[in-house]
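# Remarks on the overall topology
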Amino acid sequence: MMLTRSLFLLVNLLIAQVTTAAKHGLLIEIGQYPAGRDALGTERDSYWMTQALTRQGFSTRLLANRDARARAIRSALDSLTRRCRPGDKVVIHYGGHGTQLPDQPNGDENDRLDEALVPYDAPLPGTAGYATSPLFIRDDELSIYLNRLRQAVGSTGHVLLLVDACHSGTLSRGQGRLRTDNYRLASSPESLQDSVGSGWLDMSAGQLRTSTETGTVVLIAGAAANQKQYELLDYDNRLAGPVAFGFAEALLTVHDQSTYRTFFAQLLAVVRREAIRQRTGVATPTLEGDADRRLLGGDLRLPSLLTKVKLEAQRQFRQLRGGIEGYLPGSTVTVRVMRADGRGSDSLMGRVVAATPLESVVELTEALPVVDSIHVQTSLFRQAIRPGTARVTLAGDLPRRAELADWLRAVPGVVLVQNEADWIIRTDGEGVALCRAGDGEAIETIGPTQFGMLPNRVLVHAQAGWLRDLTMTNPAMQVVAHITPVRLDTTASRVVETYPVVIRDGLPVLRTNQQAVLTLRNTGTLPYYVTLIDIQPDAALHIPLPNGQYPVDSLWLRPGQQRTYLIPEVSPPIGLEVFKLLLSAQPPDLALLLQTRAVQTDSRTPDHPLLRLLSNRLRNSPQQSIRIDEAGLATYALLIDTPNR
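Given the structure is predicted, the values throughout are model-derived calculations rather than measurements.

### Here's the deal with the overall build of the chain
Each helix and strand in the chain was counted, giving 11 helices and 36 strands. The buried share of the chain, reckoned over its 645 residues, is 51%. Contacts in the chain between residues far apart in sequence, at least 24 positions, make up 74% of those at least 6 positions apart.

Laid out in structure tokens, this is it:
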């Protein structure tokens, strides 16, 4: 009898822990430091994290800017620990500057450096007492707080720490800021040391493992300890920390068996996609801790196809699916409306009339005779494509500045801005340089006698960028691509030697003394033709497939089918190269379109849906949309490098 009663009490205790488990979010976002440190886009970090955590049922506390002094951060961590109970879930996000400091006496760092968060009131580099100031929160102290939290949440609880900062980096002339106090020369040996992990956790792998008494601790950081982390432009073209908006987008794809490892793979894909799109340095986010445990213990609010919504004026409703998933203003959607009695459904059409990255407002084509809450299921029918724009900043004392500004304003799609640009134009000797805004690297220099070419070169790079950015999701048309470096025989028809695939910054590397094999596999449910557009580092556009060796018929892939194609030459320019894979039921003839860069040569409108889309895209037409079932798009990026680097 006593055993039965004990089991009954134990079961009730476990149920109570599950049902009363709370979700706590602590956001530490410092973007506006006192004078002496770069401003950062942590306002957007706060937006993305708040949106994501609120959807998952978290209560959040925000410490922003002057409210994030060292004492306030420590107090918030102490308060959070006191509030936690067994089974609770905790997510902490830090967005701000990071630094490295000399290891404290009797320290345990192999590199003799402590990693540290930089609160609002931390001293500036170069000031007296900087290296020993208690106003930094070192990794040793951070680990103490994490240990206390994992003890408070117990073996069924979870603590997830997200860090959007880096320890060091080289000074940048771009607008994508590095989140660090510790600027070094690019050739500094310290910045080139091999590193395992982020350096933020002063805990061994054994200490990080979940025990029977303590909870799961996992860290996701924006960069490895020896890497720079640039801010990236988010979906709304605002600078933000990559981990924050990657976290929010990756949560849209989770399922009940998602682990921290599978979730991290989704987040990593988002960060790399945006770094490639924006042509900034590609950092490698890191994952540390019990990565194979279920994400937040499986305590997730999963994306639902069937959503309860409140109908407004019998026509409009708001849903938790937004621009990230293709629900852009102008998109057409099919709407399945479940009847109140549960005995059937109605199928209607609707149009997206407003959207944020994570939400949209859909207006039905016809009114419903109810104004109460209804259950709906939406799917994209025709996806609107955002018109391409090239945001350009004219920096410094440019020669013929007013004339350059007038020329650029006349270019379709070019917008002159002061911040959050795609491109920066600055002086370079007697000429001007067109630079990537993310890291400030010059990609093209134009001499003083060639200023008139600048608007066209901006347009050419903008067009290449628009094609690089173009995305469309067709679940029925999916492809997996893989490239292998090889050496071909003298006829370029047979593989003689296969080389190991070198990965740098998460991307495969091909060298100019190599050749390659491209493998494509249809992982969708519909057959399609593949057309390959090669977007080169200098913005040149080429069509490697189809060609004389591989005609159109050889590019027809049935579901599950895999084919290989030999690439006989890997040639300069050096840098990031992007393959755009166009999938369609009928092969498009893109040659004339890309040769003219969509300059109107006659009055005819292309019949092929992809030709219409690309033609409008290259001309920056505001009318850009495509039916979801007409085509698919995929992107494959790689690095072209010299033989010996």
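Back to the text.
### A word on helix 7 (residues 260–278)
With 19 residues, helix 7 should cover 27 Å at 1.5 Å per step; its first-to-last C-alpha distance of 27 Å lies within 8% of that length. Among the residues of helix 7, Tyr260, Phe263, Phe264, Leu267, Leu268, Val270, Val271, Glu274, Ala275, Ile276 and Gln278 are the ones counted as buried.

### Considerations on the pairing of strand 28 (residues 507–511)
Within strand 28, 5 of the 5 residues are buried, which leaves the element mostly enclosed by the surrounding structure. Taken together, the 3 bridges between strand 27 (residues 502–504) and strand 28 define a ladder with antiparallel strand orientation. Residue pairing in the sheet places Ile503 in a bridge with Pro508 of strand 28. In textbook terms, the turn of a hairpin is the stretch between consecutive antiparallel strands, and for strand 27 and strand 28 this stretch comprises 2 residues, one of which, Asp505, has a positive phi near 55 degrees. Where strand 28 lies against strand 36 (residues 631–641), 3 bridges are found, and the strand directions are parallel. Residue pairing for strand 36: Leu510 is matched across the bridge by Ile640.

### Quick look at the packing of aromatic side chains
As enumerated under the stated definition, the model contains 6 aromatic pairs in all. Here Tyr47 and Trp48 contribute two aromatic rings whose centre-to-centre distance is 5.3 Å and whose plane-to-plane angle is 75 degrees, an arrangement assigned as edge-to-face. Trp48 gets classed as buried once you look at its relative accessible area, which sits at 1%. A centroid spacing of 5.6 Å and a plane angle of 80 degrees characterise the contact between Phe247 and Phe263, whose relative ring orientation is edge-to-face.

### Here's the deal with the sheet that holds strand 20 (residues 390–394)
Strand order across the open sheet formed by 5 strands is 21-20-22-23-24, with mixed pairing between neighbours. Where the open sheet ends on each side, the last strands, each with one partner, are strand 21 (414–416) and strand 24 (442–446). Adjacent strand axes in the sheet meet at a mean angle of 30 degrees when their direction is disregarded. Sheet strands in contact with helix 9 (residues 454–469) are strand 20, strand 21, strand 22 (423–428), strand 23 (431–436) and strand 24, and its direction is about 155 degrees off that of strand 24.

### Some thoughts on the packing of helix 3 (residues 70–83) against helix 4 (residues 139–153)
One can describe the packing of helix 3 onto helix 4 by two numbers: an axis separation of 9 Å at closest approach and a directional angle of 20 degrees. Relative to helix 4, the element helix 3 is oriented roughly parallel. Here helix 3 runs over helix 4; the crossing is left-handed. The segment helix 3 lies against helix 4, with Arg74, Leu77, Asp78, Leu80 and Thr81 engaging Glu141, Tyr145, Arg148, Leu149 and Ala152. Per-class residue counts for the contact of helix 3 with helix 4 are 5 nonpolar, 1 polar and 4 charged.

### Focus: the nonpolar core
The biggest cluster of nonpolar side chains holds 42 residues, and the ones touching the most others in it are Phe317 and Val335. When residues no more than four places from it in sequence are discounted, the contact partners of Phe317 are Val309, Lys310, Leu311, Val335, Ser360, Val361, Val362, Leu364, Val376 and Thr378. In terms of nonpolar packing, the next biggest core, distinct from the first, is built from 37 residues, Leu40, Ile92, Leu142 and Ala165 among them.

### Quick notes on the sheet that holds strand 13 (residues 286–289)
The mixed open sheet is built from 6 strands, whose spatial order is 2-1-3-7-10-13. Strands at the two margins of the open sheet, each flanked by one partner only, are strand 2 (59–64) and strand 13. Going across the sheet, the axis of each strand differs from the next one's by a mean of 10 degrees, ignoring polarity. When strand 7 (residues 158–164) meets strand 10 (residues 216–221), the two strands line up parallel, connected through 6 bridges.

### Quick notes on the confidence of the model for the chain
Parts of the model with low pLDDT should not have their predicted coordinates read in detail. Taken over all residues, the pLDDT of the chain has a mean of 83, while the share at 70 or more is 81%. Confidence scores differ between elements of the chain, with strand 8 (residues 168–169) showing the lowest mean pLDDT of 40 and strand 1 (residues 23–29) the highest of 98. Every residue in residues 168–174 is under pLDDT 50, and counting partners more than four places away or in other chains gives 34 contacts. Considering only residues more than four positions removed or in separate chains, one finds that residues 183–196, a stretch of pLDDT under 50, has 25 contacts.

### Side note on the pairing of strand 22
As paired strands, strand 20 and strand 22 are joined by 3 bridges and run parallel to one another. Note that in strand 22 the partner of Thr393 across the bridge is Ile424. Here strand 22 runs beside strand 23; their pairing, made up of 6 bridges, is antiparallel. Among the inter-strand pairings, Arg426 is bridged to a residue of strand 23, identified as Ala433. Between the end of strand 22 and the start of strand 23, which pair antiparallel, lie 2 residues, with Gly429 showing a positive phi angle near 65 degrees.

### Overview of the pattern of salt bridges
Here the idea is simple: oppositely charged side chains can pair when their charged atoms come close. Applying the stated criterion across every chain yields a total of 24 salt bridges. Its salt-bridge partner being Arg44, residue Asp236 comes within 3.0 Å of it at the nearest N-O pair. In this pair, Asp236 is assigned in the loop between strand 11 (232–233) and strand 12 (239–240) and Arg44 in helix 2 (residues 42–55), connecting sequence segments 192 residues apart. Here Arg511 and Asp641 are joined by a salt bridge, their closest N and O atoms 3.8 Å apart. Of this pair, Arg511 sits in strand 28 while Asp641 sits in strand 36, and the two are 130 residues apart along the sequence. Considered together, Arg511 and Asp641 belong to a single accessibility category, that of buried residues. Within the structure, one salt-bridge network assembled from shared partners comprises Glu43, Arg238 and Glu420.

Cut-offs and rules
Residues numbered from 1 in each chain as written. Predicted model: local features only at pLDDT ≥ 70, side-chain atom pairs only at ≥ 80, totals over all residues. Heavy atoms only, no water. Helix = DSSP H or I, 4+ residues; strand = E, 2+ residues; numbered from the N terminus. Buried < 20%, exposed > 50% of the residue type's maximum accessible area, 1.4 Å probe, protein only. Contact = heavy atoms within 4.5 Å. Expected span 1.5 Å × (residues − 1). Pairing = 2+ DSSP bridges. Phe/Tyr/Trp six-rings, centres within 6.5 Å; stacked < 30°, edge-to-face > 60°. Axes fitted to C-alpha atoms, helices over the stretch in contact; angles between N-to-C directions. Parallel < 35°, antiparallel > 145°, perpendicular 65-115°, else oblique. Left-handed = near helix turned anticlockwise from the far one by under 90°. Nonpolar A, V, L, I, M, F, W, Y, C, P; charged D, E, K, R; others polar. Core = buried A, V, L, I, M, F, W, Y, C linked by side-chain atoms within 4.5 Å. pLDDT = per-residue confidence, 0-100. Salt bridge = Lys/Arg side-chain N within 4 Å of Asp/Glu carboxyl O.

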